[in-house]
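What follows is each chain in one-letter form.
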Amino acid sequence: MCLCLGKCVVRYFLVSINLIFFFIGAAIAIAGGILLYQLRTNSPLDVQDYDLEIILVIVLGCVIAFISAMGWCGACAEKKVLLYIYSGIVVVLAALHVYAVVKLRSADVISEDKIINSLEKTFNDTSQRETFHVLESTFKCCGPTGPESYIGVYDQLPPSCCVNATIMPDLGKPVIVDQIGSKALSCSIDDAHLGCSTVLMEFLKMVVHYLGLGFIVVIAVELLAIVLALSLSCCIAPKTG
């Protein structure tokens, strides 16, 4: 005989958890779609290097939304079959999340060489130079690998590279783009930001760290959802003819 842990309470929690995760999954899929669109239309990075990863994020969001909808329907309608299928899928999903956490914490999932190559490709494309300056301003960085990247490219560093950009009338300094009258707004190499590859690596490492923590929370919630789904299925009385 199954021990029911308060059928109404279990059902309420299961419905609430799956409703929240449905919106989370939908938000992930939408955010992934927006990111993919932005990278393809206005980005200093080579989107082809990141297409697969972003598409996988979109698929993951759709899968989370679908599974959550199944759990929500199973709990609301009290359908044992849906709850059993939901539990089985969540077990597999939790196992995949455990694998993802292990991979995130045991391997370098971000390739610095890949980032440098992508940045340099855009940097060397003169038609994308302004877009690259936007990246520098956003992430407070300078050049693909540092201010030295501008040697032989500009007479001075662009203001987007500078911690404190000032008017520098001496264009002979090896350190341009924005002009105030006949004077260029710039800075010295010592007053420039770090290379964009370094800054982006640190940013992505932080994202991966918090992503790992998020996966751990998700795994805990998934295990709770499995227990609640099986408990509720035990509490559902079989239909009598």
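Anything mentioned here points back to the structure above.
What this report covers is the structure whose coordinates are included nearby. The structure displayed is predicted, hence computed values, not measured ones. (Residues numbered from 1 in each chain as written. Predicted model: local features only at pLDDT ≥ 70, side-chain atom pairs only at ≥ 80, totals over all residues. Heavy atoms only, no water.)

Here the focus is helix 5 (residues 129-139). One full turn of an α-helix is made of 3.6 residues, so residues set three or four places apart face in the same direction. Arg129, Thr131, Phe132, His133, Leu135 and Glu136 are the residues of helix 5 that are buried. Close packing links the buried residues of helix 5 with helix 4 (112-123) and helix 6 (196-235). (Buried < 20%, exposed > 50% of the residue type's maximum accessible area, 1.4 Å probe, protein only. Helix = DSSP H or I, 4+ residues; strand = E, 2+ residues; numbered from the N terminus. Contact = heavy atoms within 4.5 Å.)

Once that is clear, we can look at empty space enclosed by the protein. Put simply, the largest cavity is a space of about 120 Å³. Lining the largest cavity are 13 residues; nearest its centre among them are Phe21, Ser68, Tyr86, Val90 and Glu222. Residue assignment for the lining of the largest cavity shows that the elements contributing at least two residues are helix 1 (7-41), helix 2 (51-77), helix 3 (80-106) and helix 6. Ranked by the residues each element gives to the lining of the largest cavity, the list is headed by helix 6, at 4 residues. Here the lining of the largest cavity is composed, by residue class, of 10 nonpolar, 2 polar and 1 charged. (1 Å grid on protein atoms, 1.4 Å probe; cavity = no way out; pocket = protein on both sides within 12 Å on 5 of 7 lines; lining within 4 Å. Points joined across faces, edges and corners; volume = space filled by probe spheres on them. Nonpolar A, V, L, I, M, F, W, Y, C, P; charged D, E, K, R; others polar.)

Together, Phe203, Met206, Val207, Tyr210, Leu213 and Ile216 make up a nonpolar patch on the protein surface, roughly 530 Å² of accessible area in all. Turning to its location among the elements, Val207 is positioned in helix 6. (Patch = residues over 30% accessible without salt bridge, like charges linked within 9 Å, V, L, I, M, F, W, Y side chains within 5 Å. Areas by Shrake-Rupley, 256 points an atom, 1.4 Å probe, with all protein chains shown as cover. Salt bridge = Lys/Arg side-chain N within 4 Å of Asp/Glu carboxyl O.)

Structurally, Ala31 is set in helix 1. C-alpha of Ala31 to C-alpha of Val57: the two residues are 26 residues apart in sequence and 9.0 Å apart in space.

Here we come to the packing of aromatic side chains. This structure, assessed with the given rule, holds 6 aromatic pairs. Each ring, one from Phe22 and one from Phe23, has its centre 5.6 Å from the other, and the planes form 75°; the classification is edge-to-face. Since its relative accessible area comes to 52%, Phe23 is described here as exposed. Ring geometry for Tyr150 against Tyr154: centres 5.4 Å apart, planes inclined by 20°, an arrangement best described as stacked. Of the two residues, Tyr150 and Tyr154, both sit in the buried class. The side chain of Arg129 reaches across the aromatic face of Phe123, ending 4.8 Å from its centre. (Phe/Tyr/Trp six-rings, centres within 6.5 Å; stacked < 30°, edge-to-face > 60°. Lys NZ or Arg CZ within 6 Å of the ring centre and 35° of its normal.)

Attention now goes to the nonpolar core. If you look at the biggest cluster of nonpolar residues, it comprises 20 residues, and the most contacted ones within it are Leu14, Leu83, Tyr86 and Leu232. Only helix 1, helix 2, helix 3 and helix 6 provide two or more residues apiece to this core. Ranked by the residues each element gives to this core, the list is headed by helix 6, at 6 residues. When near neighbours in sequence (up to four residues on either side) are disregarded, Leu14 contacts Ala75, Leu83, Tyr86, Ala225, Leu228, Ala229 and Leu232. Formed by 18 residues, the second largest nonpolar core is a distinct cluster that contains Ile115, Phe123, Cys161 and Cys196. (Core = buried A, V, L, I, M, F, W, Y, C linked by side-chain atoms within 4.5 Å.)

As a further point, take helix 4. Given a rise of 1.5 Å per residue, 12 residues ought to cover 16 Å, and the 16 Å separating the end C-alpha atoms of helix 4 matches this to within 8%. Every buried residue belonging to helix 4 is among Ile115, Ile116, Ser118, Leu119, Thr122 and Phe123, and all of these are buried. The buried residues of helix 4 occupy an angular sector of 165° when the element is viewed end-on, so they sit on one face. Relative to its buried face, helix 4 has exposed residues pointing more than 90 degrees away, namely Asp113, Asn117 and Lys121. (Expected span 1.5 Å × (residues − 1). Arc of directions from axis to C-beta.)

A few words on the state of the cysteines. Following the criterion strictly, the structure yields 3 disulfides and no others. Between the sulfur atoms of Cys141 and its disulfide mate Cys196 the distance is 2.1 Å. Taking the torsion about the sulfur-sulfur bond, which here is approximately 80°, the covalent link between Cys141 and Cys196 counts as right-handed. Here Cys141 falls in the buried class, since its relative accessible area comes to 0%. Shown here is the disulfide that connects Cys162 with Cys187, its sulfur atoms set 2.1 Å apart. Of note, the bridge from Cys162 to Cys187 carries an S-S torsion of about -85° and is left-handed in sense. If one numbers only the bonded cysteines of the protein, in the order they occur, the disulfide pattern is 1-6, 2-3, 4-5. Summary of cysteine pairing: Cys73 is not part of a disulfide, and the nearest cysteine sulfur, belonging to Cys76, is at 6.9 Å. (Disulfide = S-S within 2.5 Å.)

Another point: the side chain of His193. Mapped onto the secondary structure, His193 falls in the loop between strand 3 (183-186) and helix 6. Exposure remark for His193: the relative accessible area of 15% places this residue in the buried category. From its side chain, His193 meets the backbone oxygen of Lys140 in a polar contact 3.4 Å long. If we ignore the near neighbours within four places in the chain, the residues touching His193 are Lys140, Cys141, Cys142, Pro147, Ser160, Cys161, Cys162 and Val163. (Polar contact = N/O pair within 3.5 Å; in protein donor to acceptor, adjacent residues only side chain to side chain.)

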